[in-house]
Amino acid sequence: MAATSPEPSLSAFSTAAYTPSTTAYTPSTTTQATSSSTSTFNFPTYTSFPPFYTLQPNLTTRARQLELWSTLVTSYCAHNRIFRLSLSSLPTDLFNNTHIHRSLKPADIRTVLDHMSKPESGPRIDWVPSTTKGEQSSSCYVYWKTIGEWADALYGWVDDTGQKGAVLTVYELREGDAVRSKDWRDMDEGMLRKVLNALVKRGKAQIFGQEDNAGVKFF
């Protein structure tokens, strides 16, 4: 009987081997998402390497690995229009590959997200403060577009539709009929307020009130 080859280390693969590809495996689990889209996310080929699901001890290799995880998370969330991730109810196939029986440990998932939250990483996520004092955050906003890019998109729509000077509610901006075709529809309210605050800082908007029916005037 032939000897079983040892599982390769992530460092054994060249950087080129981890270039994202349109080649995909079809996940056996249903993707949890905020979108009604039934299209399948094409997982890049590097997610088929077992070592990808174990954080590597070599710092150079780990830095590359964390960057690949960051790209995967943002691409996956963009495809499925996921604005917020919760550690208690993560999409079943994002950090888990049932085809090779590998998954990222919960502690390592937090390490990946912590990496994505660093300013030098974008940041690509922003931890949502816990409502319990002293408790570690367990959910985060995912920035598959930056706050600035979302602000540009929203203000561009306001300008194109001739609504400068008008007062719109946060509800209308998130769930109104006029934004059904827009990428920011159903955005988590806390994240939308970050977008609106960016426009306030630019002198292009003013917010009235604090609740979901708060008004926003654009200039």
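Note that the structure is predicted; figures quoted are calculated from it, not measured. (Residues numbered from 1 in each chain as written. Predicted model: local features only at pLDDT ≥ 70, side-chain atom pairs only at ≥ 80, totals over all residues. Heavy atoms only, no water.)

(A) Representation of helix H3 (residues 147-160) in the model. For H3, with 14 residues, the first-to-last C-alpha span of 20 Å sits near the 20 Å given by 1.5 Å per residue. For H3, the complete set of buried residues consists of Ile147, Trp150, Ala151, Leu154, Tyr155, Trp157 and Val158. All buried residues of H3 fall inside an arc of 155 degrees around its axis, so they share one side. Those residues of H3 hidden inside the fold are in contact with strand E6 (167-169), helix H4 (170-175), helix H5 (189-201) and strand E8 (215-218). (Helix = DSSP H or I, 4+ residues; strand = E, 2+ residues; numbered from the N terminus. Expected span 1.5 Å × (residues − 1). Buried < 20%, exposed > 50% of the residue type's maximum accessible area, 1.4 Å probe, protein only. Arc of directions from axis to C-beta. Contact = heavy atoms within 4.5 Å.)

(B) Just the sheet that holds strand E4 (residues 125-127), in detail. The strand order across the open sheet formed by 3 strands is E1-E5-E4, and the pairing between neighbours is antiparallel. Edge positions in the open sheet fall to strand E1 (84-86) and E4, since each of these has one partner strand only. The mean inter-strand angle of the sheet, taken between neighbouring strand axes irrespective of direction, is 25 degrees. Bridge count between E1 and strand E5 (residues 139-142): 3 bridges; the pairing is antiparallel. Of the residues in E5, the one forming a bridge with Arg84 is Tyr141. (Pairing = 2+ DSSP bridges. Axes fitted to C-alpha atoms, helices over the stretch in contact; angles between N-to-C directions.)

(C) The arrangement of the pattern of salt bridges in detail. Per the stated rule, a full pass over the model turns up 9 salt bridges. The partner of Arg180 in a salt bridge is Asp177, with the nearest N and O atoms 2.9 Å apart. We classify Arg180 as exposed; its relative accessible area is 57%. A residue is classified by how much of its surface remains accessible, and Asp177, at 59% relative accessible area, is exposed. For Glu189, the salt bridge is made with Arg193, and the minimal N-O distance between the two is 3.2 Å. Note that Glu189 and Arg193 are positioned in helix H5 at a spacing of 4 residues, about one turn of the helix. Look at Glu189 and you get partly exposed, because its relative accessible area is 23%. (Salt bridge = Lys/Arg side-chain N within 4 Å of Asp/Glu carboxyl O.)

(D) Quick peek at the pairing of E5. Residue alternation in E5 divides its side chains into two sets, Ser139 and Tyr141 and Cys140 and Val142, and both sets are buried. Strand direction decides the pairing type here: E4 and E5, joined by 3 bridges, are antiparallel. Each bridged residue has a counterpart across the sheet, and for Ile125 the counterpart in E5 is Val142.

(E) Up close: the packing of H3 against H5. Running from N to C, H3 and H5 point in directions that differ by 75 degrees, and their axes come no closer than 9 Å. The pairing of H3 with H5 is recorded here as roughly perpendicular in orientation. Between H3 and H5, the residues in contact are Ile147, Trp150, Ala151, Leu154 and Tyr155 and Met191, Leu192, Lys194, Val195, Leu196, Ala198 and Leu199, respectively. Here the residues of the contact of H3 with H5 are counted per class, giving 11 nonpolar, no polar and 1 charged. (Parallel < 35°, antiparallel > 145°, perpendicular 65-115°, else oblique. Nonpolar A, V, L, I, M, F, W, Y, C, P; charged D, E, K, R; others polar.)

(F) Up close: the nonpolar core. Judged by nonpolar contacts, the single largest core of 55 residues is most densely connected at Leu154, Leu173 and Phe218. Among the secondary structure elements, those contributing two or more residues to this core are helix H1 (59-80), helix H2 (106-116), E4, E5, H3, H4, H5 and E8. If sequence neighbours within four positions are ignored, Leu154 has contacts with Leu173, Trp184, Leu192, Val195, Leu196 and Leu199. (Core = buried A, V, L, I, M, F, W, Y, C linked by side-chain atoms within 4.5 Å.)

(G) Examining the packing of aromatic side chains more closely. Within this structure, the stated rule accounts for 12 aromatic pairs. Aromatic side chains Trp144 and Trp150 sit 5.1 Å apart centroid to centroid with 80 degrees between the ring planes, which places their arrangement in the edge-to-face category. Classification of Trp150 as buried rests on a relative accessible area of 1%. What links up through ring pairs into an aromatic cluster is the set Tyr46, Phe52, Tyr53, Trp69 and Phe95. For Arg110, the ring lying beneath its charged end belongs to Trp127, and the centroid distance is 4.9 Å. A cation over a ring is seen here: Lys145 above Trp150, with NZ or CZ 4.8 Å from the ring centre. (Phe/Tyr/Trp six-rings, centres within 6.5 Å; stacked < 30°, edge-to-face > 60°. Lys NZ or Arg CZ within 6 Å of the ring centre and 35° of its normal.)

(H) Molecular detail of the environment of Glu67. Its location among the elements puts Glu67 in helix H1. Judged by relative accessible area, which is 27%, Glu67 ranks as partly exposed. Counting along the chain gives 49 residues from Glu67 to Met116, while the straight-line C-alpha distance between them is 8.3 Å. With sequence-adjacent residues up to four places away left out, Glu67 is seen in contact with His115 and Arg124.

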